[in-house]
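These are the residues of each chain, in order.
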Amino acid sequence: MSQVQKIRIEYSEIQEKVFFDWPKGIKYKTWRKGRRAGATKGAAHAFIELMLFNDVTLLWGDTINSNISRYFERYFEPVLKSNAIDYYWSDRDKQLIIGKSICDFRSCDNPETWEGFGYH
């Protein structure tokens, strides 16, 4: 029998609403925010939780490729390490694997790499 892993991740009230409060039947949300609303950090934390507790294939999109490694190092890796979460990160492929879950990191530099992988 598998045991659910407890993790320590905190969200602001706005981050909770954006990433977890989904009314039934709503597929997309639009969130009006400022530059310091914590969207990147909150999204990274939500992705970690989704990947840890579900078998999903996710896509993280960014404007430029050079941001991707920095985002992983600043927002993903500290939480993964502090919670002792087993993961594999390929900087070459820009791919994070947690359990059976995969997150591909892509940029607008190469939009053709966003296609055809059946993301959740």
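Look above for the structure.
Residues numbered from 1 in each chain as written. Predicted model: local features only at pLDDT ≥ 70, side-chain atom pairs only at ≥ 80, totals over all residues. Heavy atoms only, no water.

S.K.: Teacher, can you tell me more about the overall build of the chain here?
M.R.: Along the backbone of the chain there are 3 helices and 4 strands. Tracing the chain from N to C terminus, the helices and strands come up as α-α-β-α-β-β-β. Taking the principal axes of the C-alpha coordinates as reference, the chain spans close to 40 × 35 × 30 Å. Evaluated residue by residue, the chain yields a buried proportion of 32% over its 120 residues. Across the chain, every contact between residues at least 6 apart in sequence was considered, and the portion connecting residues at least 24 apart equals 58%. Surface summary for the chain: the accessible area is close to 8,500 Å², and the carbon and sulfur share equals 50%. Charged side chains in the chain number 18 positive and 16 negative. The centres of these two groups are separated by 5 Å. (Helix = DSSP H or I, 4+ residues; strand = E, 2+ residues; numbered from the N terminus. Buried < 20%, exposed > 50% of the residue type's maximum accessible area, 1.4 Å probe, protein only. Contact = heavy atoms within 4.5 Å. Areas by Shrake-Rupley, 256 points an atom, 1.4 Å probe, with all protein chains shown as cover. Lys, Arg positive; Asp, Glu negative; His and termini not counted. Charge placed at Lys NZ, Arg CZ, Asp CG, Glu CD.)

S.K.: Explanation requested: the packing of aromatic side chains in the structure shown.
M.R.: For any two aromatic rings, the description comes down to two numbers: the centre-to-centre distance and the angle of the planes. Under the defined criterion, the tally for this structure stands at 11 aromatic pairs. Here the aromatic rings of Tyr 11 and Phe 20 are separated by 5.0 Å at their centres, their planes lie at 75°, and the arrangement is edge-to-face. A relative accessible area of 15% places Tyr 11 in the buried class. On the accessibility criterion, Phe 20 (32% relative accessible area) is partly exposed. A centroid spacing of 5.3 Å and a plane angle of 75° characterise the contact between Phe 76 and Phe 105, whose relative ring orientation is edge-to-face. Of this pair, Phe 76 sits in helix α3 (residues 66-82) while Phe 105 is found in strand β4 (residues 101-107), placing the two residues 29 residues apart along the sequence. Comparing Phe 76 with Phe 105 shows no difference in burial state: the two are buried. Feature note: the residues Phe 47, Trp 60, Tyr 71, Phe 72, Tyr 75, Phe 76, Tyr 87, Trp 89 and Phe 105 constitute an aromatic cluster, connected by ring pairs. (Phe/Tyr/Trp six-rings, centres within 6.5 Å; stacked < 30°, edge-to-face > 60°.)

S.K.: Hey, could you run me through the environment of Asn 65 in this one?
M.R.: For Asn 65, the position within the fold is in the loop between β1 (57-62) and α3. In this structure Asn 65 comes out as partly exposed when scored by relative accessible area, which is 32%. A C-alpha to C-alpha distance of 8.4 Å links Asn 65 and Asn 110, two positions 45 residues apart in sequence. In contact with Asn 65, other than residues within four places in its own chain, are Lys 94, Ser 107 and Asp 109.

S.K.: I'm lost on unusual backbone geometry in this one. Help?
M.R.: Outside of glycine, negative phi angles account for most residues, and trans bonds account for most peptide bonds. One non-glycine residue with positive phi stands out, namely Ala 84, at about 50°. Mapped onto the secondary structure, Ala 84 falls in the loop between α3 and β2 (88-90). Unusually for a residue other than glycine, Lys 94 sits at a positive phi of about 55°. On the secondary structure map, Lys 94 appears in the loop between β2 and β3 (95-98).

S.K.: Looking at this structure, I do not really get α3. What am I missing?
M.R.: One turn of the α-helix equals 3.6 residues, which is why residues spaced by three or four share an orientation. Between its first and last C-alpha, α3 extends 25 Å over 17 residues, near the 24 Å set by a 1.5 Å rise per residue. Approximately 40° is the largest bend angle found in α3, and it occurs at Phe 76, with the proline Pro 78 only one to four residues beyond. Restricting attention to buried positions, one finds in α3 the residues Asn 67, Ile 68, Ser 69, Phe 72, Phe 76, Val 79 and Leu 80. On its buried face, α3 is in contact with α2 (39-53), β1, β2, β3 and β4. (Expected span 1.5 Å × (residues − 1). Bend = angle between axes of the 7 residues up to and from the residue.)

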